[in-house]
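Structural overview for review
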Amino acid sequence: MEKLIITAAICGAEVTKEHNPNVPYTVEEIAREAESAYKAGASIIHLHVRNDDGTPTQDKARFKACIDAIRKLCPDAIIQPSTGGAVGMTDMERLQSTEVEEPQLGLKHPEMATLDCGTCNFGGDEVFVNTDNTIKTFGKTMIERGVKPEIEVFDKGMVDIAIKMHKKGFIKAPMHFDFVLGVQMTATARDLAFIADSIPAGSTWTVAGVGKNQYPMAALAIVMGGHVRVGFEDNVYIEKGVMAESNGQMVEKAVRLAKELGREIATPAEAREILGLKPLNK
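As the structure is a prediction and not an experimental result, all values here were calculated from the model.

This next bit is on the side chain of Ser246. For Ser246, the position within the fold is in the loop between β14 (242-243) and α8 (247-260). At 3.3 Å, the side chain of Ser246 and the backbone nitrogen of Gly248 are in polar contact. Setting aside residues no more than four positions away along its own chain, Ser246 makes contact with Glu33, Ser36 and Phe232.

Okay, here's the thing in structure tokens:
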């Protein structure tokens, strides 16, 4: 079985310091949390950014500031900006995160970014809209910029949309999926097995279990040959009733699970090889 890629989703766009005071907002806090996750064993830093007051933003300059700060502390991490932004943002506003350059590493654009393959309900009146045309725009833009998409799916139908977009030339193979379970689709062993069996041969996948589902889904992914995402974006507790102190603490728990279950942890270089990314030009 290939080595385990751990992604740390360090802050998200929805969780706040009211949920857990350790959720990062500022550039310095975001870099600190990225470093804690990286040192614990995360190869990928899944990145949303915030203004200092905690409001989510897709501002290119803010992404640039955070990526530069993270890179100083995590020199070879795969930094994966989110194009999800927040409910109500326009397509072009969301795509700003794929414009950030790292000339010192020869990167004109991020190595990876997220591509949401469907519309879903986020609770209450919040609807996260991703029309077919939005998906086409995002897919075409990522191909043009040489950015590998992580295909975010919240239910099995979004896998089907991704396959349709691949057939139409908007997403390249091999595809990499992130199954976000516990929001629109429930998070059970049956659900994870079903959705994992639905992706094309040669694809890779990770799972993000939301809330109490985080570590049960992580354990299943470890034994099934998938990969794992943990972090404050999805869950603010390290165990029932106990708030996590850092993203690093959450990654450490995933590493312990992997070791108990006999799965080695991928380094950033090994994660790039598994995902078909080019070696980092350091």
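On to helix α2 (residues 60-73), then. Taking 1.5 Å as the rise per residue, α2 with 14 residues should run 20 Å; its terminal C-alpha atoms sit 20 Å apart, in good agreement. Looking only at α2, the buried set comprises Arg62, Phe63, Cys66, Ile67, Ala69, Ile70 and Arg71. Buried residues along α2 sit against α1 (27-40), β2 (44-47), β3 (49-50), β4 (56-57) and β5 (78-81). Between the side-chain oxygen at the start of α2 and the backbone nitrogen of Ala61 there is a gap of 3.2 Å, and the oxygen is on Asp59.

It is worth spelling out the pattern of salt bridges at this point. Tallying each qualifying case throughout the model produces 19 salt bridges. Ionic pairing is found between Lys17 and Glu29, a salt bridge with its closest N-O pair at 3.4 Å. Residue Lys17 is located in the loop between β1 (6-9) and α1, and its partner Glu29 is located in helix α1; the two are separated by twelve residues in the primary sequence. Looking at Lys17, the relative accessible area reads 27%, which means it is partly exposed. Arg190 is the partner of Asp191 in a salt bridge, and the nearest nitrogen-oxygen pair spans 2.9 Å. Judged by relative accessible area, Arg190 falls into the exposed class, the value being 60%. Within the structure, one salt-bridge network assembled from shared partners comprises Glu152, Asp178, Arg229, Glu233 and Asp234.

Quick look at the nonpolar core now. One finds Leu47, Ile70, Phe177, Phe179, Trp205 and Val251 to be the most contacted residues of the largest nonpolar core, which totals 76 residues. A per-element tally of this core places α1 first, with six residues. With residues up to four places along the chain from it excluded, the contact list for Phe177 reads Glu150, Ile151, Val153, Val159, Ala162, Ile199, Pro200, Ser203, Thr204, Trp205 and Thr206. Counting eight residues, the second-largest nonpolar core is a separate cluster that includes Ile44, Ile78, Met112 and Ala271.

Pairing is parallel in the open sheet, where eight strands are placed in the order β5-β2-β1-β12-β11-β10-β9-β6. One side of each edge strand has no neighbouring strand; the edge strands of this open sheet are β5 and β6 (112-116). For this sheet the average axis-to-axis angle between neighbouring strands, irrespective of direction, equals 25 degrees. Of the strands in this sheet, β9 (148-153), β10 (176-181) and β11 (204-209) touch helix α6 (residues 189-196), which is tilted by about 155 degrees from β10.

Another point: unusual backbone geometry. In this chain, Ala173 is followed by Pro174 through a cis amide linkage whose omega measures -5 degrees. With respect to the helices and strands, Pro174 occurs in the loop between α5 (156-167) and β10.

With that settled, consider the pairing of β2. Of the two faces of β2, the one holding Ile44 and His46 and the one holding Ile45 and Leu47 are both buried throughout. In terms of strand pairing, β1 meets β2 through three bridges, oriented parallel. For Thr7, the partnering residue across the bridge sits in β2 and is Ile44.

As enumerated under the stated definition, the model contains one cavity of 30 Å³ or more in all. In this structure, the largest cavity spans a volume of roughly 40 Å³. In terms of lining, the largest cavity is formed by Ile67, Ile79, Val100, Glu102, Leu107, His109 and Pro110. Looking at the lining of the largest cavity residue by residue, the classes come out as five nonpolar, one polar and one charged.

How each quantity is defined
Residues numbered from 1 in each chain as written. Predicted model: local features only at pLDDT ≥ 70, side-chain atom pairs only at ≥ 80, totals over all residues. Heavy atoms only, no water. Helix = DSSP H or I, 4+ residues; strand = E, 2+ residues; numbered from the N terminus. Polar contact = N/O pair within 3.5 Å; in protein donor to acceptor, adjacent residues only side chain to side chain. Contact = heavy atoms within 4.5 Å. Expected span 1.5 Å × (residues − 1). Buried < 20%, exposed > 50% of the residue type's maximum accessible area, 1.4 Å probe, protein only. Salt bridge = Lys/Arg side-chain N within 4 Å of Asp/Glu carboxyl O. Core = buried A, V, L, I, M, F, W, Y, C linked by side-chain atoms within 4.5 Å. Pairing = 2+ DSSP bridges. Axes fitted to C-alpha atoms, helices over the stretch in contact; angles between N-to-C directions. 1 Å grid on protein atoms, 1.4 Å probe; cavity = no way out; pocket = protein on both sides within 12 Å on 5 of 7 lines; lining within 4 Å. Points joined across faces, edges and corners; volume = space filled by probe spheres on them. Nonpolar A, V, L, I, M, F, W, Y, C, P; charged D, E, K, R; others polar.

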